[in-house]
Amino acid sequence: MKELLIRLLSGSLYVLLLILALFNEQALIILFFIFGLICMGEFKKLIQLKSSVPYFIFIILYAVFGYWQLALNTYFGLDEITQILMVITIFVQLFLIKDLFSEKTIPLFSSKRFILTTFYLSSAFVFLILIANYYENYNPNILLGAFILVWVNDSFAYLVGKNFGKQKLFAKISPKKTVEGFLGGLFFSCIASYFIATFTETLNFTNWLILSIIISVFGTIGDLIESKFKRQANVKDSGVIMPGHGGLLDRLDSIIFASPFIYLFLRILQYVS
């Protein structure tokens, strides 16, 4: 009972902090900057990287994309470098998906460690900020909707999997995840997308429905990839900053992996609309 209470309190504090920060662009930029540094520290331990260079790369990337418009008072050039970052990030993540399904362990040679800290982790926080600026004006509703879909997917995947799960989804990496749990999370995320479309007045229901599928699929893959990193490092959690939950990376792994795909979908919408 005590452990459940601690887990509930730490989880509620995390959600409350995130929601409050969403109301102010600068607060959100600062919060994700802190989150990014914490996640970087946790991830570096998982992949056994002692260098401090990834911190500097993260700070530079985050500063460029977070303050480009504020510093230069223009969006000129931002679109081009954003597209380059998006292509490289998705390319790296596709290789991670390949490693997840085809390799017993994810190869972690020296250069790949720096590639992962840059294009798996650092760029993810950049895309979270870019999602909130989808209309080139700060509007946090799409980002909030994405987080809600992650929370709905995770919660119902756990509940359905615990009560009805029989077929293992990826037993070697995450024994508790089941196919029934994954489908349950996906189903309830699709239902949640209707309410998000109705109350946020951002995208229409069809677009939110597609986003719910993107988030459920790539969020689950991101969770599995982080689980594989933890299994290779022989640890249960990425850290201890959130009592009852583990590390911050454990809470953000789904949205981190899904963020460039969410942003890609939003970019496609801009071109077809």
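Here we summarise the structure given alongside this text.

What counts, and where the lines are drawn
- Residues numbered from 1 in each chain as written.
- Predicted model: local features only at pLDDT ≥ 70, side-chain atom pairs only at ≥ 80, totals over all residues.
- Heavy atoms only, no water.
- Phe/Tyr/Trp six-rings, centres within 6.5 Å; stacked < 30°, edge-to-face > 60°.
- Helix = DSSP H or I, 4+ residues; strand = E, 2+ residues; numbered from the N terminus.
- Buried < 20%, exposed > 50% of the residue type's maximum accessible area, 1.4 Å probe, protein only.
- Axes fitted to C-alpha atoms, helices over the stretch in contact; angles between N-to-C directions.
- Parallel < 35°, antiparallel > 145°, perpendicular 65-115°, else oblique.
- Left-handed = near helix turned anticlockwise from the far one by under 90°.
- Contact = heavy atoms within 4.5 Å.
- Nonpolar A, V, L, I, M, F, W, Y, C, P; charged D, E, K, R; others polar.
- Salt bridge = Lys/Arg side-chain N within 4 Å of Asp/Glu carboxyl O.
- 1 Å grid on protein atoms, 1.4 Å probe; cavity = no way out; pocket = protein on both sides within 12 Å on 5 of 7 lines; lining within 4 Å.
- Points joined across faces, edges and corners; volume = space filled by probe spheres on them.
- Patch = residues over 30% accessible without salt bridge, like charges linked within 9 Å, V, L, I, M, F, W, Y side chains within 5 Å.
- Areas by Shrake-Rupley, 256 points an atom, 1.4 Å probe, with all protein chains shown as cover.

Quick word on the packing of aromatic side chains
- Tallied over the full model, the rule gives 21 aromatic pairs.
- For the pair Y120 and F229, a centre-to-centre distance of 6.1 Å together with 45° between the ring planes defines the contact as tilted. With Y120 in helix α5 (residues 110-132) and F229 in helix α8 (residues 205-233), the pair connects residues that are 109 residues apart, well separated along the chain.
- A relative accessible area of 1% places F229 in the buried class.
- An aromatic cluster is present here, built from Y14, F32, F33, F35, F58, Y62, F125, F147 and W151 joined pairwise through their rings.

Structural notes on the packing of helix α4 (residues 78-102) against helix α9 (residues 248-272)
- Following both chains from N to C, one finds α4 and α9 inclined at 130°, their axes separated by 10 Å at the closest point. Relative to α9, the element α4 lies oblique. Taken as a pair, α4 and α9 cross one another with a handedness that is left-handed. When α4 is examined against α9, the residues D79, T82, Q83, M86, T89, I90, Q93, L96 and I97 are found in contact with a partner set consisting of I256, F257, P260, F261, Y263, L264, R267 and Y271.
- For the contact of α4 with α9, the class distribution of residues is 11 nonpolar, four polar and two charged.

Details of the environment of G219
- Counting through the fold element by element, G219 comes out in helix α8.
- For the pair G219 and I255, spaced 36 residues apart in the sequence, the C-alpha separation amounts to 6.0 Å.

Let's talk about the pattern of salt bridges
- Per the stated rule, a full pass over the model turns up six salt bridges.
- In this structure, K98 and D99 form a salt bridge, with 3.1 Å as the shortest nitrogen-oxygen distance.
- Taking the relative accessible area as the measure of exposure, K98 reaches 39% and is therefore partly exposed.
- By relative accessible area, which is 2% here, D99 ends up buried.
- A salt bridge links D223 to K177, with the shortest nitrogen-to-oxygen separation between them at 3.1 Å. One end of the pair, D223, is in helix α8; the other, K177, is in strand β2 (residues 174-178), with 46 residues separating them in the sequence.

Here we look at the layout of surface pockets
- By volume, the largest pocket amounts to about 1,800 Å³.
- Surrounding the largest pocket, 46 residues form its lining, R7, Y158, K177, D223 and R251 being those nearest its centre.
- Among the secondary structure elements, those contributing two or more residues to the lining of the largest pocket are α1 (2-21), α6 (141-164), β2, α7 (179-200), α8 and α9.
- The biggest single contributor to the lining of the largest pocket is α6, with 10 residues.
- Taken together, the residues of the lining of the largest pocket sort by class into 15 nonpolar, 16 polar and 15 charged.

So, a nonpolar patch on the surface
- Taken together, F187, I191, Y194, F195, F199 and F205 make up a surface patch of nonpolar side chains, about 650 Å² in accessible area.
- When residues in the nonpolar patch are grouped by element, the largest group, five residues, is from α7.
- Within the secondary structure, I191 is located in helix α7.
- Overall, the relative accessible area of 34% leaves I191 in the partly exposed class.

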